[in-house]
Amino acid sequence: MKTRIINCTRLSTAIVVASFSCVQARDLPEPLTDSDFLYEGSPDAEVFELGRMLFFDPILSGNLNISCGTCHSPAHGTGDGISLSIGEGGQGFAKSRRTGPEGVIGRVPRNAQPLYNVGAKSYTSFFHDGRLEPDPLGTFQSGFWSPAREHLPEGLDNLLAAQAMFPVLSPVEMAGQKGENPVATAVAEGRPTDAWSHLANRLAEIPEYRAMFKAAFGHGEVTFVQAANALAAFQSKAFRSHESPYSQALKDNDPTLLSDAAREGMKLFFGEAGCSACHSGPLLTDHKFHAVAMPQVGPGKGHGSDTGYWRASGFMDRVEDEGRFRVTFDPKDKFAFRTPSLINVSLTGPWGHSGAYNTLEAVVKHHLNPVASLHAYDPVSLPHLDDVIEQTGEGSQLIFRPLNPARAGGYFLRDQWVQSSGKLRGHIAGANDLMPITLSNAQISAILEFLESASDPAVLDLVDLIPASVPSGLAPQPTRHQGASK
Ligand code: HEC
Ligand code: HEC
């Protein structure tokens, strides 16, 4: 990352010299320009429009009941405003989202990531654990390392397009359960290629989509790879956001565009408070992985093994989320997660990889003494899941049935099991590599002001991106009306 000296001449004429010296500004990043984004900032208009429809159309979900937009809503900071999403099988939206009559298999185990600036070329991995990455050695024909390994097809335009291949395969997010629909069954049987083909065939049966694919790609063939390319084009442009006061100050090389408090906070952030050791660059992330003892709420990613939970509940005992470690199997990566971008961070709560913190202040304070904060953490309450289904049997004998009420207590213990177990908390604490630091309340407030200044409230107006209708004839998700009510 390039660094530069902030224009000192301009500063010396400003009254703010004392709170923002040239020396401390030396690590300020370069502003972003078109060339920092995929498609040099200008994806093809027809491809963008196709991606916009696909993003909000539940046609891409196995049971036709959820879209990308349900969890990544433009008016909710490109997330859904809740710690852990309720995926397919849910009803309602954002804070009022609950389980529907068909029930859900469980919670989505991680917080829905914000999509601001995901079209920046600086993204070298996607997901909290970075499990999707470029594969420069060409191990796989797709050009990407991913959970789909050799199944990921060729022809994906970029890493962001490759990402769009995955939500549709996740049973809890979009696909549904084996036997409910052909996409879910293909996923459960380890045939992702068939799942993608099935979705492409669905699109090809809809004349309006056929016409849009033709307009976008110049021929009538509809493939899921093209759908993914269109989703990437849409996200890269729609969610580009660097008009906040902070971004403006970088662009104009003029920190006086920030309030006094924000400038003080910026000085701490890039200086004494050490935040920019990880939250660096114009997007305030190094795109690397660090263990900062962030608490876990919710069911976890199925990692670890804790027979205590099994004994208490009768359910499978893998309740932890070990983060990057499960991608690299390098012990140094235990409980490490990708440094989030802090652009628009004041709009993207709850915060942390499992949405453990409800306020920006709390997640910032967590950084001051991560281990102590982890042990003192009081878990956020997650929305009650009224209708849960459980899986019994194996393979073709797989049966889904409503959760046995006698087992419900044990099932729900899981949401807070990691935090309530001294042993499991100890795993997270032991991996921490962020040293404690002392900051006064005034300094913390200043940092919060700076983070506000790195947010651009105008992005909440992006609700206009939601189409009034989508080619499948299903209701877009969210509808404009739902999307507008924050
Ligand atoms: C049920 C909620 C849900 C749905 C539906 C959903 N997502 Fe996500 N999205 C998430 C969660 C949760 C994560 C983080 C997952 C992880 O780290 O394991 C995520 C991560 C992402 C990321 C990675 C961002 C980053 O910074 O690494 C992108 C891009 C994304 N989603 C795009 C999409 C697209 C495109 C669709 C539709 C095809 C979609 N999502 C559907 C919840 C959802
Ligand atoms: C050692 C690297 C590192 C340092 C230093 C650091 N952070 Fe973080 N920060 C992270 C990581 C990694 C996460 C995500 C952790 C997770 O979710 O498990 C994070 C999360 C956050 C979040 C929540 C973002 C979100 O979208 O959930 C905020 C806000 C934040 N950091 C602010 C700060 C501030 C302010 C400082 C300085 C006082 C700071 N960080 C110092 C690595 C760091």
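This one's a predicted model, so the numbers in the text were calculated from it and none came from an experiment.

**Observations regarding the coordination of the iron atom of ligand 2**
Geometrically, a metal with four donors at the corners of a regular tetrahedron has ideal angles of 109.5 degrees, and one with six donors at the corners of a regular octahedron has ideal angles of 90 or 180 degrees. Within the protein, the iron atom of ligand 2 binds to His 279 (NE2) and His 367 (NE2); these donor distances fall in the range 2.1 Å. If you look at the iron atom of ligand 2, its six donor atoms make angles of 84 to 180 degrees with each other, and the shape they trace is octahedral. Of this pair, His 279 sits in the loop between α11 (260-270) and β5 (289-290) while His 367 is found in the loop between α14 (360-366) and α15 (370-376), placing the two residues 88 residues apart along the sequence. Look at His 279 and you get buried, because its relative accessible area is 10%.

**What about the site of ligand 1?**
Around ligand 1, a shell composed of 25 residues is seen, among which Cys 68, Cys 71, His 72, Phe 127 and Arg 338 lie nearest. With respect to ligand 1, the side chain of His 72 contributes an N or O atom lying 2.9 Å from a nitrogen atom. The set of elements that each furnish at least two residues to the shell around ligand 1 consists of α3 (68-71), α4 (159-163) and α5 (171-175). Within the shell around ligand 1, the residues separate by chemical class into twelve nonpolar, nine polar and four charged.

**With respect to the site of ligand 2**
The environment of ligand 2 is made up of 21 residues, and the closest members are Cys 275, Cys 278, His 279, His 353 and His 367. Between ligand 2 and the protein, one listed contact pairs a nitrogen atom with a side-chain N or O atom of His 279 at 2.9 Å. His 353 places a polar side-chain atom, nitrogen or oxygen, 2.6 Å from an oxygen atom of ligand 2. Counting residues per element, the shell around ligand 2 draws most heavily on α14, at three residues. Of the residues assigned to the shell around ligand 2, the class counts are 14 nonpolar, seven polar and no charged.

**Some thoughts on the coordination of the iron atom of ligand 1**
Donation to the iron atom of ligand 1 from the protein comes from one atom only, His 72 (NE2), at 2.1 Å. Within the fold, His 72 resides in the loop between α3 and β1 (90-91).

**Let's talk about the packing of helix α2 (residues 45-56) against helix α8 (residues 207-217)**
Following both chains from N to C, one finds α2 and α8 inclined at 145 degrees, their axes separated by 8 Å at the closest point. Crossing of α2 against α8: the hand is left-handed. When α2 is examined against α8, the residues Glu 46, Val 47, Glu 49, Leu 50, Met 53 and Leu 54 are found in contact with a partner set consisting of Tyr 209, Met 212, Phe 213, Ala 215, Ala 216 and Phe 217. Across the contact of α2 with α8, the residue classes tally to ten nonpolar, no polar and two charged.

**Concerning the side chain of His 287**
For His 287, the position within the fold is in the loop between α11 and β5. His 287 sits in the buried class, given a relative accessible area of 11%. Polar contacts involving the side chain of His 287 include one to the side chain of Ser 122, which spans 3.2 Å. Leaving out residues up to four positions away in the same chain, His 287 has contacts with Ser 122, Tyr 123, Thr 124 and Arg 338.

**Some details on helix α7 (residues 192-204)**
Compared with the 18 Å implied by 1.5 Å per residue over 13 residues, the 18 Å span of α7 between its first and last C-alpha is a close match. Among the residues making up α7, those that are buried are Pro 192, Ala 195, Trp 196, Leu 199, Ala 200, Arg 202 and Leu 203. Along the axis of α7, the buried residues cluster in a sector spanning 155 degrees; they form a single face. Looking at the packing, one finds that the buried side of α7 touches α2, α6 (182-188), α8 and α9 (224-238).

**A look at unusual backbone geometry**
Across the junction of Gly 349 and Pro 350, the peptide omega takes the value -10 degrees, indicating a cis bond. A cis amide bond links Gln 477 with the next residue in sequence, Pro 478, at an omega value of -10 degrees. A positive phi is found at Leu 64, a non-glycine position, where the angle reads about 55 degrees. Here Leu 64 is to be found in the loop between α2 and α3. We classify Leu 64 as partly exposed; its relative accessible area is 38%. Notably, Ala 94 is not glycine yet its phi reads approximately 55 degrees, a positive angle. Here Ala 94 lies in the loop between β1 and β2 (98-99). The buried category is assigned to Ala 94, whose relative accessible area is 6%.

**Comments concerning the packing of aromatic side chains**
Inspection of the entire model under this criterion finds 18 aromatic pairs. Summarising the aromatic geometry, the rings of Phe 55 and Phe 234 are spaced 5.2 Å apart at their centres and angled 50 degrees between planes, so their arrangement reads as tilted. Of this pair, Phe 55 sits in helix α2 while Phe 234 is found in helix α9, placing the two residues 179 residues apart along the sequence. By relative accessible area, which is 0% here, Phe 234 ends up buried. Arranged with centres 5.0 Å apart and planes meeting at 55 degrees, the rings of Phe 269 and Phe 450 form a pair that is tilted. In this pair, Phe 269 is assigned in helix α11 and Phe 450 in helix α19 (residues 441-453), connecting sequence segments 181 residues apart. A relative accessible area of 0% means that Phe 450 is categorised as buried.

**Quick notes on the domain arrangement of the protein**
Segmenting the protein into domains produces domain 1 (38-79 + 114-241 + 462-484) and domain 2 (274-451). Centre-to-centre separation of domain 1 and domain 2, based on C-alpha positions: 26 Å. Between domain 1 and domain 2, the contact holds 21 residues from the first and 20 residues from the second. Together, the buried faces of domain 1 and domain 2 total about 1700 Å²; carbon and sulfur atoms form 54% of this surface.

**Remarks on the confidence of the model for the protein**
Confidence in the prediction of the protein, expressed as mean pLDDT, is 92, and 94% of residues score 70 or more. Low confidence marks residues 1-24, where pLDDT is under 50. Its contacts with residues over four positions away, or in another chain, come to 51 contacts.

Quick notes on the rules
Residues numbered from 1 in each chain as written. Chains lettered and ligands numbered in written order. Predicted model: local features only at pLDDT ≥ 70, side-chain atom pairs only at ≥ 80, totals over all residues. Heavy atoms only, no water. Donors = N, O, S within 2.8 Å, 3.2 Å for Na, K, Ca; no water. Tetrahedral: all angles 85-135°; square planar, octahedral: opposite > 155°, others 65-115°. Helix = DSSP H or I, 4+ residues; strand = E, 2+ residues; numbered from the N terminus. Buried < 20%, exposed > 50% of the residue type's maximum accessible area, 1.4 Å probe, protein only. Near = heavy atom within 4 Å. Polar contact = N/O pair within 3.5 Å; in protein donor to acceptor, adjacent residues only side chain to side chain. Nonpolar A, V, L, I, M, F, W, Y, C, P; charged D, E, K, R; others polar. Axes fitted to C-alpha atoms, helices over the stretch in contact; angles between N-to-C directions. Left-handed = near helix turned anticlockwise from the far one by under 90°. Contact = heavy atoms within 4.5 Å. Expected span 1.5 Å × (residues − 1). Arc of directions from axis to C-beta. Phe/Tyr/Trp six-rings, centres within 6.5 Å; stacked < 30°, edge-to-face > 60°. Domains from an automatic or database assignment. Buried area = accessible area lost by both parts, 1.4 Å probe. pLDDT = per-residue confidence, 0-100.

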